[in-house]
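This is what each chain is made of:
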Amino acid sequence: MEKFIVHTGTAVPLRRSNVDTDQIIPAEYLKRITRHGFEDGLFSAWRKDPAFVLNQPHYEGATVLVAGPDFGTGSSREHAVWALQDYGFAVVLSSRFADIFRGNSGKGGLLSAQVDQEVIEALWAAIEADPSLDVTVDLERREVRAGDLVAEFDVDDYVRWRLMEGLDDIGITLQHADDIAVFEASRPSWKPTTTPVI
Amino acid sequence: MGRTLAEKVWDDHVVRRATGEPDLLYIDLHLVHEVTSPQAFDGLRHAHHRPVRRTDLTLATEDHNVPTIDILQPIADPVSKAQVDALRHNCEEFGVPVYSLGSVDQGIVHVVGPQLGLTQPGMTVVCGDSHTSTHGAFGALAFGIGTSEVEHVLATQTLPLKPFKTMAVTVDGALPEGVTAKDVILAVIAKIGTGGGQGYVLEYRGSAIEGLSMEGRMTLCNMSIEAGARAGMIAPDDTTFAYLKGRTHAPTGADWDAAVEYWHTLPTDPDATFDAEVVIDASTLTPFVTWGTNPGQGLPLSASVPTPDDARDEVDRVAIERAIEYMGLTPGMPLRDITVDTVFVGSCTNGRIEDLRAVAEILEGRTVADSVRMLVVPGSVRVKQQAEEEGLDKVFLNAGAEWREAGCSMCLAMNPDKLAPGERSASTSNRNFEGRQGPGGRTHLVSPAVAAATAVTGHLSAPADLSPVATA
């Protein structure tokens, strides 16, 4: 994963609460064999409505999703995280996240940053007033900044460490690549390999 | 203090141990199939194209959703075809050996590994499939993993894991005539329950286990997961070594001697202690079948369908009522009165040559009942070839059974081999969940011998129930 220290981008105000993962990505998209390419499934039911916020051209290219409380409830599907990332989001801000979604997002490198609902309200107003407003999410300082607004956010210490180091679980294990190599060197020579025998 | 078999294998694979962290365990063999691997490969691709660390310890085969007829034709189901195509493409791109449809080494992943001699005592073996426990029959620590873990093993050849607890399952005494490994494991699951093994590695031990062939031991370890256990193991012994010797990937010469010397150190020390113990008297066992919709709902074939009054508690009563309704049974009816539409012989539980021999022995000179469709699906192409060399295919075909190509087939009905809604099977597979063999299908888990006898009579039967074959 890329290291996540500070992210700056434009934002989308998603004025909805209880955004469940069935809304984030419906079940019909789960048959796919890849872990990427889910952007067309993101909020696909809502996107059929031309008035839906993601269909408004001035929010095109936004990378920060500012959502209402209880984001990511319902089904545990990790596809919800993949779909948000594939669409281009790097950060979701909400005043409350569902546990499973938050865990999944940490694994995948999507930052779920929790702020007070009054911060969300202030951000919504500021973004709607100026859709080109840059929103900065500073993981090192646990701070979100937009125009005059500066607010702290909450994130799990371990997830923060992993994201700042740019480590997924595999990345963490690969930090011990030397240990793995040492172990491999000590494996008995008679242990089998799968190399086809001609 | 002494250590158990599982603890020894664990200790010998710890790459890194740190306080407050899970152990990092080295994986000796990673088996891959088409259903649980595509997102893992895709994950590697998107992480700056991480390589597979040890392609030489990784092996793929196509099994879960492949057809068992016309296998050299393009796969008709587009979703299945896409998954199989993805596996082939991923293996080519990442350099992983794959045995595809048409290869002589294709077959169910848990049949292929052992028959190639890749599964050996003291190894750690993983696969994105819960029935990886099968490989524990060799004294390997073998368990199923999820897709994220598949990716982790592909990238690092390790897994961070917290140690399992250990449970001894001791089966002493001689198995009565007609009682097989399948009957033993169904009885074990009925005794400890589908959650009884949760958090444990089971070690099967005792004279009845020592007397089993490797095929029987694989059947036993295979269904450890149905008792909730992550893995099942059996100490390696001369039976294990004799099975391995001469197989394609087994060590040879001085390597063989070194390996056997190490393998002899693996059995549980006499002073080792287990976290839990279960004891079963082999002499009390009889052919066992399931009547309900989870593998713990099993009884001796001589018993009757339970009534809700037999329930241990309220939760069990609801479970019995629901299972009886789904299965379309009458409380109190003798299990032998249950008629079946389909008999399925195959799967990673009972799709090996010994299983097919047991079926052929009973079908020889007999015919499958008119009301029954019987499918015999070998676990691998090698098993199919061996069976044909022995003429078993002729026995099946002459009896009126269908003789198919290798794959998982009707065990999980991801391919076209399915039960129709309401149809009832006697199946040598491992799961009798609602809809497991097709939506609305009803499954009774049985041994190969009971499957064959049931095919002849059309109702659940043991070989002892059959009249002798008339000799000319």
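A quick note: this is a predicted structure, and the numbers were derived from the prediction, not measured. All chains use their own residue numbering, which begins from 1 and follows the written sequence. Here the convention is simple: chains get letters from A, ligands get numbers from 1, in the order in which they are written. Local features in this predicted model are restricted to residues of pLDDT 70 or higher, and side-chain atom pairs are both shown and tallied only at a pLDDT of 80 or more, whereas totals for entire chains, interfaces and linings draw on every residue. Excluding hydrogens and water, the side-chain values take into account all heavy atoms of the structure.

Draft legend 1. Inspection of the packing of helix α2 (residues 38–46) of chain B against helix α3 (residues 78–94) of chain B at higher detail. All names here are of chain B. In contact at an axis separation of 10 Å, α2 and α3 are set at 35 degrees when each is read in the N-to-C sense. In this structure, the crossing between α2 and α3 has a hand that is left-handed. Listed contacts from α3 to Pro38, Phe41, Leu44 and Arg45 of α2 are His89, Asn90, Glu93 and Phe94. Residue type decides the class: Asp, Glu, Lys and Arg count as charged, Ala, Val, Leu, Ile, Met, Phe, Trp, Tyr, Cys and Pro as nonpolar, and the leftover types, Gly among them, as polar. The class makeup of the residues in the contact of α2 with α3 is four nonpolar, two polar and two charged. Every axis corresponds to a line fitted to the C-alpha atoms, with the helix fit spanning only the stretch in contact, and the corresponding angles, defined between N-to-C directions, vary from 0 to 180 degrees. Helix numbering and strand numbering both begin at the N terminus, where a helix is a DSSP run of H or I of at least 4 residues and a strand a DSSP run of E of at least 2. Put simply, a crossing is left-handed when the front helix is turned counterclockwise from the back one by less than a right angle, and right-handed when it is turned clockwise. Contacts between residues were defined by any pair of non-hydrogen atoms, one from each residue, lying within 4.5 Å.

Draft legend 2. Region of interest: the state of the cysteines. Residues and elements named next belong to chain B. To count as a disulfide, a pair of cysteine sulfur atoms needs to be within 2.5 Å. The tally for this structure, following the rule as stated, stands at zero disulfides over all chains. Take Cys348: it sits in no disulfide, and the sulfur closest to it among the cysteines is that of Cys411, at 6.0 Å. Overall, the relative accessible area of 8% leaves Cys348 in the buried class. Residue Cys408 stays outside any disulfide, its sulfur separated by 6.6 Å from that of Cys348, the closest cysteine. Only protein chains enter the accessibility calculation, which uses a 1.4 Å probe. A residue is then buried if its area is under 20% of the maximum for its type, exposed if over 50%, and partly exposed in between. Given the relative accessible area of 7%, Cys408 is considered buried.

Draft legend 3. Focus on the nonpolar core. The biggest cluster of nonpolar side chains holds 77 residues, and the ones touching the most others in it are Phe143, Val171, Tyr204 and Trp263 of chain B. No other element matches helix α6 (residues 181–192) of chain B, which puts eight residues into this core. Among all residues touching Trp263 of chain B, those that are not within four sequence positions of it are Trp190 of chain A together with Gln120, Pro121, Pro236, Phe241, Leu244, Pro251 and Trp256 of chain B. Take the buried residues of types Ala, Val, Leu, Ile, Met, Phe, Trp, Tyr and Cys, join any two whose side-chain atoms come within 4.5 Å, and each joined set is a nonpolar core. By size, the runner-up hydrophobic cluster in this structure holds 56 residues, among which are Leu14, Val81, Leu133 and Ala151 of chain A.

Draft legend 4. Main features of the sheet that holds strand β6 (residues 124–127) of chain B. Residue and element names in this part refer to chain B. Strands were regarded as paired on the criterion that DSSP finds at least two bridges between them. The five strands are arranged β5-β4-β3-β6-β7 in an open sheet whose pairing can be described as parallel. Every interior strand has two partners, whereas the edge strands, β5 (98–99) and β7 (141–144), have only one. The pairing of strand β4 (residues 58–61) with β5 spans two bridges and is parallel. Paired with Ala60 across the two strands is Val98, which belongs to β5.

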